[in-house]
Amino acid sequence: QNQQQQPAVAQRVVLYEEDPADPNGKRYVGSAVWRTETVSPGAGQPPELAVRAEVEIPERRLAMTVSMRRNTDKALPASHTIEIMFTLPADFDQGSINNVPGVLMKPSEQARGVPLAGLAVKVTNGYFLIGLSAVDIDKQRNIQMLKERDWLDNPHVYTNRKRAILAGGKGTPGQRAFEGAVRAWGEEGG
């Protein structure tokens with residue numbers, strides 16, 4: 001029953017970058033592979049189930065890993081953490097990633113995203129941590145949006161101050177990963 005490692009089906013993602021010469025900005029299409037993984041939160045703590053997405057935008061040689069899990073660190077006032085790591089080529093024309101203000105959820109690619117309640121911090125260059133709000137009402141709303149909304153928006157700001165958004169669909173694999181994780185975290189039914 002445990003051997004349900006189906007081959008990962010990549011979902012479409014789109015990177016929108018601000019461009020002074022083009023009011024619509026530049027669009028680059030890439031892919032995201034969603035899965036769940038077991039991570040070790042720290043010494044002496046039981047393993048936790050995490051939702052992970054590997055994102056690639058080939059044309060920009062940009063890769064991003066998103067990992068979300070339940071927060072087990074008592075010192076951190078967060079219900080869940082989302083880790084975002086960027087891998088950029090050394091000669092990337094926008095510099096590097098300066099800021100990731102948060103993650104937004106939306107029902108479709110064209111819809112306007114609603115931010116998950118939480119706080120984003122820059123850990124090191126290209127590595128960001130978002131702590132989702134542990135306040136009950138926020139937590140329930142966050143979980144509901146993560147489960148029910150199929151698209152994620154990941155806005156970020158490059159060091160040259162240009163803004164970009166990475167928008168991606170969860171598709172069936174992402175949906176399955178989130179449902180499985182939410183069940184494992186014991187968040188069913190609020």
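Residues numbered from 1 in each chain as written. Predicted model: local features only at pLDDT ≥ 70, side-chain atom pairs only at ≥ 80, totals over all residues. Heavy atoms only, no water.

Draft legend 1. The arrangement of the side chain of Ser-79 in detail. Assignment of secondary structure puts Ser-79 in strand S5 (residues 78-87). Among the polar contacts made by the side chain of Ser-79, one reaches the side chain of His-80 at a distance of 2.9 Å. Those residues in contact with Ser-79 that lie beyond four places of it in its chain are Arg-70, Asn-71, Leu-132, Ser-133, Ala-134 and Lys-139. (Helix = DSSP H or I, 4+ residues; strand = E, 2+ residues; numbered from the N terminus. Polar contact = N/O pair within 3.5 Å; in protein donor to acceptor, adjacent residues only side chain to side chain. Contact = heavy atoms within 4.5 Å.)

Draft legend 2. How the structure looks around the environment of Val-51. Along the chain, the position of Val-51 falls in strand S3 (residues 48-57). Residue classification places Val-51 among the buried residues on the basis of a relative accessible area of 1%. Measuring from C-alpha to C-alpha, the distance between Val-51 and Gly-174 comes to 8.3 Å, with 123 residues separating the pair along the chain. Residues in contact with Val-51, not counting those within four places in the same chain, are Trp-34, Arg-35, Thr-36, Val-66, Ser-67, Met-68, Ala-177, Phe-178, Ala-181 and Trp-185. (Buried < 20%, exposed > 50% of the residue type's maximum accessible area, 1.4 Å probe, protein only.)

Draft legend 3. Highlighting the packing of aromatic side chains. What the rule picks out here adds up to 3 aromatic pairs. With a centroid separation of 6.1 Å and 85° between ring planes, the pair formed by Phe-86 and Phe-128 is classed as edge-to-face. With Phe-86 in strand S5 and Phe-128 in strand S10 (residues 127-133), this residue pair connects regions lying 42 residues apart in the sequence. Classification of Phe-86 by relative accessible area gives buried; the value is 10%. The side chain of Arg-60 reaches across the aromatic face of Tyr-28, ending 5.2 Å from its centre. Against the face of Phe-178 rests Lys-170, its NZ or CZ located 4.7 Å from the ring centre. (Phe/Tyr/Trp six-rings, centres within 6.5 Å; stacked < 30°, edge-to-face > 60°. Lys NZ or Arg CZ within 6 Å of the ring centre and 35° of its normal.)

Draft legend 4. The environment of Val-103, seen in detail. Looking at where Val-103 falls in the secondary structure, it is placed in the loop between strand S6 (97-99) and strand S7 (104-106). The spatial distance from the C-alpha of Val-103 to the C-alpha of Leu-129 is 11 Å, given a sequence separation of 26 residues.

Draft legend 5. Highlighting a nonpolar patch on the surface. Where nonpolar side chains cluster on the molecular surface, the patch consists of Leu-119, Val-121 and Val-123 and spans about 260 Å² of accessible area. For Val-121, the location among the structural elements is in strand S9 (residues 118-124). (Patch = residues over 30% accessible without salt bridge, like charges linked within 9 Å, V, L, I, M, F, W, Y side chains within 5 Å. Areas by Shrake-Rupley, 256 points an atom, 1.4 Å probe, with all protein chains shown as cover. Salt bridge = Lys/Arg side-chain N within 4 Å of Asp/Glu carboxyl O.)

Draft legend 6. Examining the pattern of salt bridges more closely. This model, assessed by the stated rule, comprises 12 salt bridges. Linking Glu-109 and Arg-12 is a salt bridge whose minimum nitrogen-to-oxygen distance equals 2.9 Å. With Glu-109 in the loop between S7 and strand S8 (114-115) and Arg-12 in strand S1 (residues 11-19), the pair connects residues that are 97 residues apart, well separated along the chain. Judged by relative accessible area, which is 38%, Arg-12 ranks as partly exposed. Notably, a salt bridge pairs Arg-52 with Glu-37, separated by 3.3 Å at the nearest N-O pair. Of this pair, Arg-52 sits in strand S3 while Glu-37 sits in strand S2 (residues 22-39), and the two are 15 residues apart along the sequence. Residue Glu-37 is classed as buried on the basis of its relative accessible area of 17%. Residues joined by salt bridges that share partners form a network here, namely Arg-35, Glu-37, Arg-52 and Glu-54.

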